[in-house]
Amino acid sequence: MTFDCALSAPADRAGAILTIDLDAVVENWRRLSARLSPAPCAAVVKADGYGLGAAAVGRALSEAGCTRFFVAQLDEALALRAALPEPQILCLGGLPARTEATFVHHRITPVLNHLGEVDAWAAVCRDRNAALPAAIHIDTGMNRLGLSPAEVDELSADPTRLAGIGLDLWMSHLACADEADSPVSGEQLARMTAAVARLPKAPVSFANSSGIFLGSSYHFDLGRPGVALYGVNPTPGKPNPMVPTIRLDARVLQVRSVDSGMTVGYGAAHRMTRAGRIATLGVGYADGYFRSLGARGHVFVDGVPAPVAGRISMDLITIDVSGLPDGAVVPGQLVELIGPNRPVDTVAEEAGTIGYEILTSLGRRYHRVYAGGVAGKKAL
C-alpha cells in the first residue's frame, strides 16, 4: 500500500464547509436598493457581517457601489476600515469615553446616542476646528439607545449644542417592522417625523431590513438593511424576496448499524424503534448548530431528508439514515445542514429562534469558501 505524502487541504480536514455567495449578498443589496430608490441603500455589517465575514462582504458591496456601512462597536469599525479605506463607516454604539481620537484618526463616524455624547463630539470639533461628521440617534420607542423625548425637547430648544458638528444623519430604529400589521411602526414613524421637524435639517435614516417593505413613507433619505442582505426573510409569512447567501455542509465521519431498542447519544435521548443506520457528522453546538435542534432538526443527504437523532453534542450530530439505501451514506460524504433544501429561516424555525441568531452563530471551525466577485477571491 502506498500513501500520498502531500499535506492535507483545509477543506479535507474540516468537519464542515461553509460556502458564502458574495454575488448573492450583492444581489440582495441591489434588490433592496431598487425598492428604496431614490433613497440610497447602506449596509449593516455588524457582528462580522452577520457571521459571513465583514471584510469580504464589505469589499463585495463596496465594489457594487455601496458607500455607507454600519457596525455596532468601534473595534468592528477599525477592522472594517482596514478592509475598506474609503467608504463611510458609522458606529452605532456611540462615543465611549477616551475614544474620540480613535474615531477621528480612522475616520469613523460616531452615532451619538445621548446629549452627553453630543456635547463631547461638539467639543472635539471645536478643539480641532473641523466640522467632523456624526449621526444622532433619536429613540422613538425602543428604549435602548438614542435621545429620549426629553433630550429631543432640550436639543430643539437649544440647537446651538450642535454647533461645530458636521451633522450627517438623524436616525432611529424600528421595533416591530417585521410585523406588518403592528401599529407600533406607525407610531414610531409619527414620533420620528415630529422630532426631526423640530430639529436642524439633516438627512434621515429610519428603515431597517423589514422597514424597507413597510412603504416609501419609511424610506426617508437612507435605508440601512442588515439581515435581509444575508438572505433572511424580511417579510415573515410571505415569500422571501431575498436570495440565499450561504450553504453549510457537514462531513460524515462514520456510519453504523444500530439494532432496535438501542439508544443514541448523550442521555440515551433517542431510542431506535427498529433496526437502522446512524450517521455521525463532524459538527456540533460548538460550531453554532443549536442544541435545540436535537430530535427536531433535519438535514438533507443527496436531496433526501434525514432527521437528527438524539441530542446535539459539542462536536457531533447523529442523524438517522435508515430511510436511505444501503451504501448511500459513506464516511467523507457531505450532508446539507443549510442550503437549497434547508433555508436559514427553516433551520431557525426548527431551532426555536430567528435567522439572525443562526447566522451570527456560524462557527469559526468551519472551512469557509467565498464564491463570487473579486472580494471573494481576496477573502480566501
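Enquirer: Can you explain the sheet that holds strand β3 (residues 68-71)? Please cite residues and give values.
Expert: The parallel open sheet is built from 7 strands, whose spatial order is β2-β3-β4-β5-β6-β7-β8. Here the strands that pair on one side only, and so sit at the sheet edges, are β2 (43-44) and β8 (204-205). When strand β6 (residues 133-137) meets strand β7 (residues 166-171), the two strands line up parallel, connected through 5 bridges. The residue bridging Ala-134 from the neighbouring strand is Leu-167, located in β7.

Enquirer: Summarise the side chain of Asp-139; cite the residues concerned and give the values.
Expert: With respect to the secondary-structure elements, Asp-139 resides in the loop between β6 and α8 (149-157). Notably, Asp-139 is buried but unbridged: the nearest opposite-charge side chain belongs to Arg-144, and the N-O separation is 7.4 Å. Within the local environment of Asp-139, its side chain forms a polar contact with the backbone nitrogen of Asn-143, the two atoms lying 3.1 Å apart. Discounting chain neighbours no more than four positions away, the residues touching Asp-139 are Leu-145, Gly-146, Leu-147 and Ser-172.

Enquirer: Give a detailed account of helix α4 (residues 54-64), specifying residues and quantitative values.
Expert: Among the residues making up α4, those that are buried are Ala-54, Ala-56, Val-57, Gly-58, Arg-59, Ala-60 and Leu-61. Downstream of α4 by one or two residues, Gly-65 has phi in the positive range, about 120 degrees.

Enquirer: Help me get a handle on the layout of surface pockets, residues and values and all.
Expert: In this structure, the largest pocket spans a volume of roughly 960 Å³. The wall of the largest pocket is formed by 39 residues, among which Tyr-50, His-173, Asn-208, Val-227 and Tyr-356 lie closest to the centre. Counting only elements with at least two residues in the lining of the largest pocket, the list comes to α3 (46-50), α10 (344-351) and α11 (355-360). Considering every element that reaches the lining of the largest pocket, the biggest residue donor is α11, with 4 residues. Counted by class, the lining of the largest pocket contains 20 nonpolar, 12 polar and 7 charged residues.

Analysis parameters
- Residues numbered from 1 in each chain as written.
- Predicted model: local features only at pLDDT ≥ 70, side-chain atom pairs only at ≥ 80, totals over all residues.
- Heavy atoms only, no water.
- Pairing = 2+ DSSP bridges.
- Helix = DSSP H or I, 4+ residues; strand = E, 2+ residues; numbered from the N terminus.
- Buried < 20%, exposed > 50% of the residue type's maximum accessible area, 1.4 Å probe, protein only.
- Lys, Arg positive; Asp, Glu negative; His and termini not counted.
- Salt bridge = Lys/Arg side-chain N within 4 Å of Asp/Glu carboxyl O.
- Polar contact = N/O pair within 3.5 Å; in protein donor to acceptor, adjacent residues only side chain to side chain.
- Contact = heavy atoms within 4.5 Å.
- 1 Å grid on protein atoms, 1.4 Å probe; cavity = no way out; pocket = protein on both sides within 12 Å on 5 of 7 lines; lining within 4 Å.
- Points joined across faces, edges and corners; volume = space filled by probe spheres on them.
- Nonpolar A, V, L, I, M, F, W, Y, C, P; charged D, E, K, R; others polar.

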